[in-house]
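Chain by chain, the residues run as shown.
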Amino acid sequence: MPKKKNPKETELKKRVAKLPAKPGVYRWLDAKGTVLYVGKALNLRKRVTSYLSKEAALGPWKQSLMEKAADVS
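A short tour of the structure in this document, coming up. What you see is a predicted model; the values in this text were computed from it and never measured.

Another point: the sheet that holds strand E2 (residues 35-41). Read across the sheet, three strands follow the order E2-E1-E3 without closing on themselves; strand pairing throughout is antiparallel. The sheet is open, and its two edges are formed by E2 and strand E3 (71-72), each paired on a single side. Strand direction decides the pairing type here: strand E1 (residues 24-29) and E2, joined by six bridges, are antiparallel. The residue bridging Trp 28 from the neighbouring strand is Tyr 37, located in E2. The strands touched by helix H2 (residues 44-51) are E1, E2 and E3; relative to E1, the strand with the most contacts, the crossing angle is about 25°.

Encoded structure:
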């Protein structure tokens, strides 16, 4: 099944590019600000960027998450 295009994808990529390459916690939020997922990483920018990679690299749950994601903090 083809990946649905997230209208916020371009905006998300800009925000992710500004994340530090340091350890920390990240939260994916929907358009209402509801937390969809909380994760931790040794390199925030690298980990969060992996969610915005090509469809083939994402499993079904990540694809579903990214269709709903409107923000990352």
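Here we take up a nonpolar patch on the surface. A surface patch of nonpolar side chains, about 250 Å² in accessible area, is lined by Val 25, Val 35 and Val 38. Mapping Val 25 onto the fold places it in strand E1.

Turning next to helix H1 (residues 9-17). Buried within H1 we find Glu 9, Leu 12 and Val 16. In an axial view of H1, the angular spread of the buried residues amounts to 55°, which keeps them on one side of the axis. In H1, the exposed positions that point more than 90 degrees away from the buried face belong to Thr 10, Lys 14 and Ala 17. Of the surrounding elements, those touching the buried residues of H1 are E1, H2, helix H3 (60-68) and E3.

Now for the nonpolar core. In terms of nonpolar packing, the biggest core is built from 14 residues, with Tyr 26, Trp 28, Val 48 and Met 66 touching the most fellow members. Elements supplying a minimum of two residues to this core: H1, E1, H2 and H3. Top element by residues in this core is H2. It accounts for three residues. Setting aside anything within four residues of it in sequence, one finds Val 48 in contact with Val 16, Leu 19, Tyr 26, Trp 28 and Val 72.

Right, let's get into the packing of aromatic side chains. According to the stated counting rule, one finds five aromatic pairs in the structure shown. Relative to Trp 61, the ring of Tyr 37 has its centre 5.4 Å away and its plane inclined at 50°; by these criteria the two rings are tilted. Remark: Trp 61 occurs in helix H3 and Tyr 37 occurs in strand E2; sequence separation between them is 24 residues. Through a chain of ring-to-ring contacts, three or more aromatic side chains come together here, namely Tyr 26, Trp 28, Tyr 37, Tyr 51 and Trp 61.

Reading the values: the criteria
- Residues numbered from 1 in each chain as written.
- Predicted model: local features only at pLDDT ≥ 70, side-chain atom pairs only at ≥ 80, totals over all residues.
- Heavy atoms only, no water.
- Pairing = 2+ DSSP bridges.
- Helix = DSSP H or I, 4+ residues; strand = E, 2+ residues; numbered from the N terminus.
- Contact = heavy atoms within 4.5 Å.
- Axes fitted to C-alpha atoms, helices over the stretch in contact; angles between N-to-C directions.
- Patch = residues over 30% accessible without salt bridge, like charges linked within 9 Å, V, L, I, M, F, W, Y side chains within 5 Å.
- Areas by Shrake-Rupley, 256 points an atom, 1.4 Å probe, with all protein chains shown as cover.
- Salt bridge = Lys/Arg side-chain N within 4 Å of Asp/Glu carboxyl O.
- Buried < 20%, exposed > 50% of the residue type's maximum accessible area, 1.4 Å probe, protein only.
- Arc of directions from axis to C-beta.
- Core = buried A, V, L, I, M, F, W, Y, C linked by side-chain atoms within 4.5 Å.
- Phe/Tyr/Trp six-rings, centres within 6.5 Å; stacked < 30°, edge-to-face > 60°.

Note that every value here comes from positions in space, so none of it alone points to a role or purpose.
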